[in-house]
Amino acid sequence: MIPSRTELRTEAIVLRAIDYGESDRIVTFCTADFGKIRGIAKGARRSRKRFANAIEPFCCSRILFSRRSPDSLALIEGCDVLSHFPGIRSDLEKTLAASCLIDLTDQFTPEDKKSEASFCLLLDFLRLLEGTALTESLLRFFEIRLLRISGYDPVLDRCISCKTPIVKEAAYRFDAAKGGLTCNICAPGSRDAIPVSLGTIRTLLLGREMEIDRLGRLLLSDQSADESRRLLAHFIRHLLGRELKSVHVLNEIRRLYV
Ligand SMILES: [Zn+2]
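Now for a quick tour of the structure. (Residues numbered from 1 in each chain as written. Predicted model: local features only at pLDDT ≥ 70, side-chain atom pairs only at ≥ 80, totals over all residues. Heavy atoms only, no water.)

Examining the sheet that holds strand 1 (residues 6-20)
Phase 1: Spatial strand order, 1-2-3-5-4: 5 strands in a closed barrel with mixed pairing. Taken over all neighbouring pairs, the strand axes of this sheet differ in orientation by 50 degrees on average, direction set aside.
Phase 2: Pairing of strand 2 (residues 24-31) with strand 3 (residues 36-41), which is carried by 6 bridges, proceeds in the antiparallel orientation. Across the sheet, threonine 28 pairs through a bridge with arginine 38, a residue of strand 3. (Pairing = 2+ DSSP bridges. Helix = DSSP H or I, 4+ residues; strand = E, 2+ residues; numbered from the N terminus. Axes fitted to C-alpha atoms, helices over the stretch in contact; angles between N-to-C directions.)

Brief notes about the environment of arginine 217
Phase 1: Turning to its location among the elements, arginine 217 is positioned in the loop between helix 7 (212-215) and helix 8 (222-240).
Phase 2: With a relative accessible area of 67%, arginine 217 lands in the exposed category.
Phase 3: Taking the C-alpha atoms as reference, arginine 217 lies 9.9 Å from leucine 138; in sequence the two are 79 residues apart. (Buried < 20%, exposed > 50% of the residue type's maximum accessible area, 1.4 Å probe, protein only.)

Brief notes about the packing of helix 3 (residues 92-108) against helix 8
Phase 1: Running from amino to carboxyl end, helix 3 crosses helix 8 at an angle of 40 degrees, the nearest separation of the two axes being 11 Å. Judged by the inter-axis angle, helix 3 sits oblique to helix 8. Between helix 3 and helix 8 the crossing geometry is left-handed. Contacts between helix 3 and helix 8 involve Leu104, Gln107 and Phe108 from the first element and Ile236, Leu239 and Leu240 from the second. (Parallel < 35°, antiparallel > 145°, perpendicular 65-115°, else oblique. Left-handed = near helix turned anticlockwise from the far one by under 90°. Contact = heavy atoms within 4.5 Å.)

Notes on the packing of helix 4 (residues 116-131) against helix 5 (residues 136-149)
In a packed pair of helices, the relevant descriptors are the angle between the two axes and the axis-to-axis distance.
Phase 1: Viewed as axis vectors pointing N to C, helix 4 and helix 5 meet at an angle of 175 degrees, and their least axial separation amounts to 10 Å. By the angle class used here, helix 4 and helix 5 are roughly antiparallel. Residues Ala117, Ser118, Leu121, Leu122, Phe125, Leu128 and Leu129 of helix 4 form the contact with helix 5, whose participating residues are Leu138, Phe141, Phe142, Arg145, Leu146 and Ile149.
Phase 2: Here the residues of the contact of helix 4 with helix 5 sort into 11 nonpolar, 1 polar and 1 charged. (Nonpolar A, V, L, I, M, F, W, Y, C, P; charged D, E, K, R; others polar.)

Topic: the coordination of the zinc ion
Phase 1: Bound to the zinc ion are the protein donor atoms Cys159 (SG), Cys162 (SG), Cys183 (SG) and Cys186 (SG), situated 2.2 to 2.4 Å from the metal.
Phase 2: Of note is the zinc ion, whose 4 donor atoms meet at the metal with angles of 104 to 116 degrees in an arrangement that counts as tetrahedral.
Phase 3: One chain supplies every donor for the zinc ion, spaced along it as C-x2-C-x20-C-x2-C.
Phase 4: Residue classification places cysteine 183 among the buried residues on the basis of a relative accessible area of 7%. (Donors = N, O, S within 2.8 Å, 3.2 Å for Na, K, Ca; no water. Tetrahedral: all angles 85-135°; square planar, octahedral: opposite > 155°, others 65-115°.)

Re the pattern of salt bridges
When the charged atoms of two side chains lie near each other, side chains of opposite charge can form a pair.
Phase 1: Following the criterion strictly, the structure yields 17 salt bridges and no others.
Phase 2: The residue glutamate 136 makes a salt bridge to arginine 140 at a minimum N-O spacing of 2.4 Å. Residue glutamate 136 and its partner arginine 140 are located together in helix 5, separated by 4 residues, close to a single helical turn. The two residues glutamate 136 and arginine 140 agree in class, both being buried. (Salt bridge = Lys/Arg side-chain N within 4 Å of Asp/Glu carboxyl O.)

A word on the side chain of serine 115
Phase 1: Relative to the elements of secondary structure, serine 115 occurs in the loop between helix 3 and helix 4.
Phase 2: With a relative accessible area of 12%, serine 115 lands in the buried category.

What to know about helix 6 (residues 198-209)
Phase 1: For helix 6, spanning 12 residues, the distance from its first C-alpha to its last is 17 Å, which sits close to the expected 16 Å at 1.5 Å a residue.
Phase 2: Burial in helix 6 covers these residues: Leu198, Thr200, Ile201, Thr203, Leu204, Leu205, Gly207 and Arg208.
Phase 3: Check the buried side of helix 6 and you find it contacts helix 5, strand 6 (172-175), strand 7 (180-183), strand 8 (194-196), helix 7 and helix 8. (Expected span 1.5 Å × (residues − 1).)

Structural notes on the environment of leucine 215
Phase 1: Here leucine 215 is to be found in helix 7.
Phase 2: Overall, leucine 215 belongs to the buried group, its relative accessible area being 3%.
Phase 3: The spatial distance from the C-alpha of leucine 215 to the C-alpha of leucine 128 is 9.0 Å, given a sequence separation of 87 residues.
Phase 4: The contact partners of leucine 215, leaving out residues within four places of it in the chain, are Phe125, Leu128, Phe141, Arg145, Gly207 and Met210.

This is the structure:
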């Protein structure tokens, strides 16, 4: 007997969408209640009315879908757009930044495992990006919070080897393989570790803990922006085994404008 389909509703943000067959689209969503799901939007390319612009990347909608089992492809029955983020879409750099946010969320969110925290984080930062200027700190604070949610929280408040809490007098490096800071006594001049100043460490710790609506005011100095970009890019590349294309593109574009 074929199991019947259950109809479900949730809030969801589009991570990816690809054309399928004559007129369908296969969409990957980050959802509030069901983790990451993949679904087919039948006739999405033929009937603009039914899905409007709800299945474009980083659009947030309330979706109605059905599926036979959690691991089967969902059938997307309908979408009500909650936010299309016009302020992001009308700005090239913000659009590229939003692409980084959704790519990172996609990579760090497991399929079919409820991850409300990932959904809320992504939505919070899309709203922040929509309403404020794009800053280096916004990208870095997203990355560090996503790492925490995903269980890859880097150790930044003490040396990962000797466990001594960070102090002003010591020098630190970030060791991606170990997943945290090492002091200069434990790993003097370790080849693969990135030197990082105390100011950068403290700002990253603040950016990880601070309430979201106060984050926009916490800016990184040029030195901290540079160090934290290198540190987090290096760590994320180490975890994923590659660099994300969207991150590479954003960095290239930003270099042109600096
Ligand atoms: Zn140490």
